[in-house]
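Remarks on the overall topology
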Amino acid sequence: EDSDDEYDDPQNIYKKQQQMLNDVRKSIPDDVPFLVFGHIFGNANTQVVDRMYSTDLLLPHYHNPMTGLCCGSAKTGAGVQSAMEWLIPLAKRQQKERLASRKQLEEKEV
């Protein structure tokens, strides 16, 4: 079998993407929001963008409300605002919680 075939095989591509996504997710603490942004080529259908999807298909063994999937288009910008409206407030809230926890730990040590 030609080695180029393994790169063309959709099953292999999916497995490699899945492994990469799992590796990245594992490298980020669970309390840090994680956004998977699916790029849509061409004009994005408004029924697909501007909403959050479950990551169950992408990360079937990882269930965390801090993980979301959003689709959009770099060409038109569709979906980007919705993705950021999900990510930024969640990230700010989590950052405040981490800072408050750290402060409590420091006060206990003193």
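Scoring rules and cut-offs
Residues numbered from 1 in each chain as written. Predicted model: local features only at pLDDT ≥ 70, side-chain atom pairs only at ≥ 80, totals over all residues. Heavy atoms only, no water. pLDDT = per-residue confidence, 0-100. Helix = DSSP H or I, 4+ residues; strand = E, 2+ residues; numbered from the N terminus. Pairing = 2+ DSSP bridges. Contact = heavy atoms within 4.5 Å. Axes fitted to C-alpha atoms, helices over the stretch in contact; angles between N-to-C directions. Salt bridge = Lys/Arg side-chain N within 4 Å of Asp/Glu carboxyl O. Buried < 20%, exposed > 50% of the residue type's maximum accessible area, 1.4 Å probe, protein only. 1 Å grid on protein atoms, 1.4 Å probe; cavity = no way out; pocket = protein on both sides within 12 Å on 5 of 7 lines; lining within 4 Å. Points joined across faces, edges and corners; volume = space filled by probe spheres on them. Nonpolar A, V, L, I, M, F, W, Y, C, P; charged D, E, K, R; others polar. Core = buried A, V, L, I, M, F, W, Y, C linked by side-chain atoms within 4.5 Å. Polar contact = N/O pair within 3.5 Å; in protein donor to acceptor, adjacent residues only side chain to side chain. Disulfide = S-S within 2.5 Å.

**Focus on the confidence of the model for the protein chain**
Summarising the model, the protein chain shows a mean pLDDT of 85, and 94% of its residues fall at 70 or more. No element of the protein chain has a lower mean pLDDT than helix H1 (residues 5–8), at 65, and none a higher one than strand S3 (residues 67–72), at 92.

**Thoughts on the sheet that holds S3**
Here 3 strands make up an open sheet; going across it, the order is S1-S3-S2 and the pairing mixed. Of all the strands in the sheet, the pair left with one neighbour each is strand S1 (34–39) and strand S2 (52–53). Alignment of S2 against S3, held across 2 bridges, turns out to be antiparallel. Within S3, the position partnered with Met 52 by the bridge is Cys 70. Contacts between helix H3 (residues 80–109) and the sheet are confined to S1, S2 and S3, with S1 contributing the most and set at about 170° to the helix.

**Thoughts on the pattern of salt bridges**
Pairs can form between side chains of opposite charge once their charged atoms are near each other. On inspection of all chains with the given rule, the structure shows 1 salt bridge. A salt bridge links Arg 98 to Asp 31, with the nearest nitrogen and oxygen atoms 4.0 Å apart. Residue Arg 98 is located in helix H3, and its partner Asp 31 is located in the loop between helix H2 (10–26) and S1; the two are separated by 67 residues in the primary sequence. Exposure remark for Asp 31: the relative accessible area of 31% places this residue in the partly exposed category.

**What about the pairing of S3?**
With 6 of 6 residues buried, S3 is to be regarded as a mostly interior element. Of the two faces of S3, the one holding Thr 67, Leu 69 and Cys 71 and the one holding Gly 68, Cys 70 and Gly 72 are both buried throughout. In the sheet, S1 pairs with S3 via 6 bridges, with the strands oriented parallel. Looking at S3, one finds that Val 36 is bridged to Leu 69.

**A look at the layout of surface pockets**
Here the largest pocket is characterised by a volume of approximately 160 Å³. In this structure, the largest pocket is lined by Tyr 14, Gln 17, Gln 18, Met 20, Leu 21, Val 24, Val 36 and Leu 58. Taken together, the residues of the lining of the largest pocket sort by class into 6 nonpolar, 2 polar and no charged.

**A few points about the nonpolar core**
Counting residues in each nonpolar core, the largest one holds 7 residues, listed as Leu 35, Met 66, Cys 70, Ala 83, Trp 86, Leu 87 and Leu 90. With 4 residues, H3 is the single largest residue contributor to this core. Once residues within four sequence positions are removed from consideration, Leu 87 is found in contact with Pro 33 and Leu 35.

**Points about the environment of Ser 73**
Its location among the elements puts Ser 73 in the loop between S3 and H3. Only 3.2 Å separates the side chain of Ser 73 from the backbone nitrogen of Thr 76, close enough to count as a polar contact.

**Things to note about the state of the cysteines**
Within this structure, the stated rule accounts for 0 disulfides. With no disulfide of its own, Cys 70 lies closest to Cys 71 among cysteine sulfurs, the gap being 6.5 Å. A residue is classified by how much of its surface remains accessible, and Cys 71, at 16% relative accessible area, is buried.

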